[in-house]
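Coordinate analysis (summary)
Chain by chain, the residues:
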Amino acid sequence: MSPFKKGIATIALAASMTGGLMACAALAAEHEWKMATTVTGGPLMELGAEAFAERVSQMTEGRVEIEVFPAGTLGKALDVSTTVKRGVAEVGHTWMGYDWGKDKTTVLFGGFAGSMDSERMLHWLYQGGGQELWTEFRQDRFGLVSMPLFMRPAEVFLHSKKPVSTLEDLQGLKMRTAGAWLEISSELGASPVTMAGGEVYTSLERGTIDATEWGSLYENVSPGFYQIAKYVVVPGVHQPVAPYELVINDAAWEALSEQDQEMVRLAAELVTFESWMRLGNEDAKALKFYRENGNEVIVLEDEVKDAAKRLGMEWADQQAEGNEWFERVLTSQREFESSWSEADSYRKMALPPQDSSSN
């Protein structure tokens with residue numbers, strides 16, 4: 001049985017033993033962890049950090065309890081890994097790419113303009129050796145236990161006060177972003193800056209920035225960007241995928257039994273799949289929501305899509321020079337993507353909707 005199926009079976013069993021779980025919850029937890037996060041609320045908190053804490057409690061029968069803290073409470077929002085490394089929090093939920101200043105390999109795991117889409121990334125992680133590389137890299141370079149936790153589909157390219165669809169529209173555009181897109185978008189003529197999510201709305205409101213990228217269509221409803229930025233620009237070619245990460249302090253991890261370590265791994269995997277499916281479903285509803293609230297949805301011209309992918313690949317080639325970890329991960333991802341080169345021919349069978357009025 002695969003780890004994912006074992007996780008499902010474990011949760012099904014737990015659900016059938018509600019009385020037992022309630023009794024366990026009444027007992028003192030063996031491990032009480034604090035979780036540092038990058039956000040103050042919204043789907044990333046609810047479907048990621050808080051959902052994980054709940055699953056861990058269920059699957060360990062209350063032996064491991066996690067209290068989730070909003071961004072900035074325990075440490076810097078964009079430096080969760082350091083907060084966990086120092087033991088201020090036993091565990092953290094973050095996007096690995098925020099550590100790109102320490103090692104740009106983090107961006108390969110977090111997604112960038114040259115990445116695979118989310119379906120391929122999930123398969124690479126759980127079937128193509130990606131998760132093993134992920135865990136080995138974080139331990140080797142940062143001394144942290146790490147695994148995927150939460151999976152986004154493609155993000156929104158921009159919530160913008162100005163219409164953006166061509167390369168010309170990007171010239172001088174002041175926008176919030178992070179990771180590799182800081183460098184790549186500059187080559188396209190934009191003026192990017194980075195900031196924590198909690199600062200984005202006020203920066204848009206005050207005109208400090210013209211536009212922002214952040215999360216997927218559904219995730220971006222709760223921050224309210226649509227209220228002050230009329231244009232919703234898709235698709236997110238800068239971020240075709242955005243896996244988030246669970247980081248655990250080494251000492252806290254070693255204090256767990258092997259059984260509870262396995263339960264934590266399974267909970268992280270389960271929440272990753274659950275978040276991906278929930279976001280995919282809610283994104284479809286969010287597109288309608290934006291239109292009903294007066295936003296204009298703009299689809300990027302092919303020239304922007306092509307340039308983003310090309311520059312993303314070139315950027316990755318440059319980073320691989322002299323960085324053994326970057327080269328190793330990039331090679332693995334590209335080999336996997338190549339093995340899926342014909343996948344659309346046998347996986348995508350959806351046809352355009354038929355006009356029932358013509359029948």
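Residues numbered from 1 in each chain as written. Predicted model: local features only at pLDDT ≥ 70, side-chain atom pairs only at ≥ 80, totals over all residues. Heavy atoms only, no water.

Time to look at the overall build of the protein. Secondary structure assignment for the protein yields 15 helices and 11 strands. For a compact globule of 359 residues, the expected C-alpha radius of gyration is about 21 Å, and the protein comes in at 21 Å, within 12% of that figure. If one aligns the C-alpha atoms of the protein with their principal axes, the spans along those axes are about 60 × 60 × 45 Å. The buried share of the protein, taken over its 359 residues, is 54%. Long-range contacts, defined as pairs at least 24 residues apart, comprise 77% of the intrachain contacts of the protein with a sequence gap of at least 6. Taking the average place of the 32 positive charges on the side chains of the protein and the average place of its 53 negative ones, the gap between the two points comes to 3 Å. (Helix = DSSP H or I, 4+ residues; strand = E, 2+ residues; numbered from the N terminus. Rg over C-alpha atoms; globule rule 2.2 N^0.38 Å. Buried < 20%, exposed > 50% of the residue type's maximum accessible area, 1.4 Å probe, protein only. Contact = heavy atoms within 4.5 Å. Lys, Arg positive; Asp, Glu negative; His and termini not counted. Charge placed at Lys NZ, Arg CZ, Asp CG, Glu CD.)

If you trace the five strands from one edge of the open sheet to the other, you get 2-1-3-10-4, paired in mixed fashion. Sheet topology places strand 2 (64-68) and strand 4 (145-152) at the edges, where each strand pairs with a single neighbour. Looking at each pair of strands side by side, their axes are set apart by 25° on average, direction ignored. Pairing analysis gives six bridges linking strand 4 to strand 10 (residues 242-248), with the strands arranged antiparallel. Across the sheet, R152 pairs through a bridge with A242, a residue of strand 10. Along the sheet, helix 3 (residues 43-59) contacts strand 1 (31-37), strand 2, strand 3 (91-94), strand 4 and strand 10; its crossing angle with strand 2, the most-contacted strand, is approximately 160°. The strands touched by helix 7 (residues 130-142) are strand 4 and strand 10; relative to strand 4, the strand with the most contacts, the crossing angle is about 130°. (Pairing = 2+ DSSP bridges. Axes fitted to C-alpha atoms, helices over the stretch in contact; angles between N-to-C directions.)

Quick look at the packing of helix 6 (residues 118-127) against helix 7 now. Between helix 6 and helix 7, whose axes approach to 4 Å, the crossing angle comes to 70°. When the axis of helix 6 is compared with that of helix 7, the two are roughly perpendicular. Residue-level contacts link W124, L125 and Y126 of helix 6 to G130, Q131, E132, L133 and W134 of helix 7. Counted by class, the contact of helix 6 with helix 7 contains five nonpolar, two polar and one charged residues. (Parallel < 35°, antiparallel > 145°, perpendicular 65-115°, else oblique. Nonpolar A, V, L, I, M, F, W, Y, C, P; charged D, E, K, R; others polar.)

We now examine the pattern of salt bridges. Per the counting criterion, the structure on display carries 25 salt bridges. The shortest N-O distance in the salt bridge between R328 and E136 comes to 3.1 Å. One end of the pair, R328, is in helix 14 (residues 324-339); the other, E136, is in helix 7, with 192 residues separating them in the sequence. Given a relative accessible area of 38%, E136 falls into the partly exposed group. Salt bridges sharing common partners tie together D79, D99, K102, R138 and E245. (Salt bridge = Lys/Arg side-chain N within 4 Å of Asp/Glu carboxyl O.)

Cis geometry marks the peptide bond from V234 to P235, where omega comes out at -5°. For E61, which is not glycine, the phi dihedral falls at a positive 55°. The topology assignment puts E61 in the loop between helix 3 and strand 2. Judged by relative accessible area, E61 falls into the partly exposed class, the value being 38%. A positive phi angle, close to 100°, is found at F150, a residue other than glycine. You can see F150 is positioned in strand 4.

Residues F109, W124, F157, L158, W181 and W315 are the most contacted members of the largest nonpolar core, which totals 58 residues. Of all the secondary structure elements, the ones that give two or more residues to this core are helix 4 (80-85), helix 5 (105-110), helix 6, helix 7, helix 9 (181-187), strand 9 (231-234), helix 13 (302-320) and helix 14. Element by element, the count of residues in this core is highest for helix 13, at seven residues. Listed in part, the 51 residues of the second largest apolar core include F150, V156, L204 and A252. (Core = buried A, V, L, I, M, F, W, Y, C linked by side-chain atoms within 4.5 Å.)

For the rest of this paragraph, the subject is the packing of aromatic side chains. What the rule picks out here adds up to 16 aromatic pairs. Ring centres of F112 and W315 lie 5.7 Å apart, and the angle between their planes is 50°; on these two criteria the pair is classed as tilted. Taken together, the residues F112 in the loop between helix 5 and helix 6 and W315 in helix 13 connect sequence positions 203 residues apart. Comparing F112 with W315, the two get one shared label, buried. (Phe/Tyr/Trp six-rings, centres within 6.5 Å; stacked < 30°, edge-to-face > 60°.)

As a further point, take the environment of W124. Here W124 lies in helix 6. Separated by 213 residues in sequence, W124 and E337 have C-alpha atoms that sit 8.3 Å apart. Not counting chain neighbours up to four residues away, the residues in contact with W124 comprise F109, M116, G129, G130, L133, V329, S332, Q333 and F336.

This part covers helix 13. With 19 residues, helix 13 ought to run about 27 Å at 1.5 Å a step, and its terminal C-alpha atoms sit 27 Å apart, in line with that. Restricting attention to buried positions, one finds in helix 13 the residues V304, A307, A308, L311, G312, W315, A316, Q319 and A320. Where the residues of helix 13 are buried, they touch helix 5, helix 8 (167-170), helix 9 and helix 14. Phi turns positive one or two residues past the end of helix 13, at G322, with a value near 85°. (Expected span 1.5 Å × (residues − 1).)

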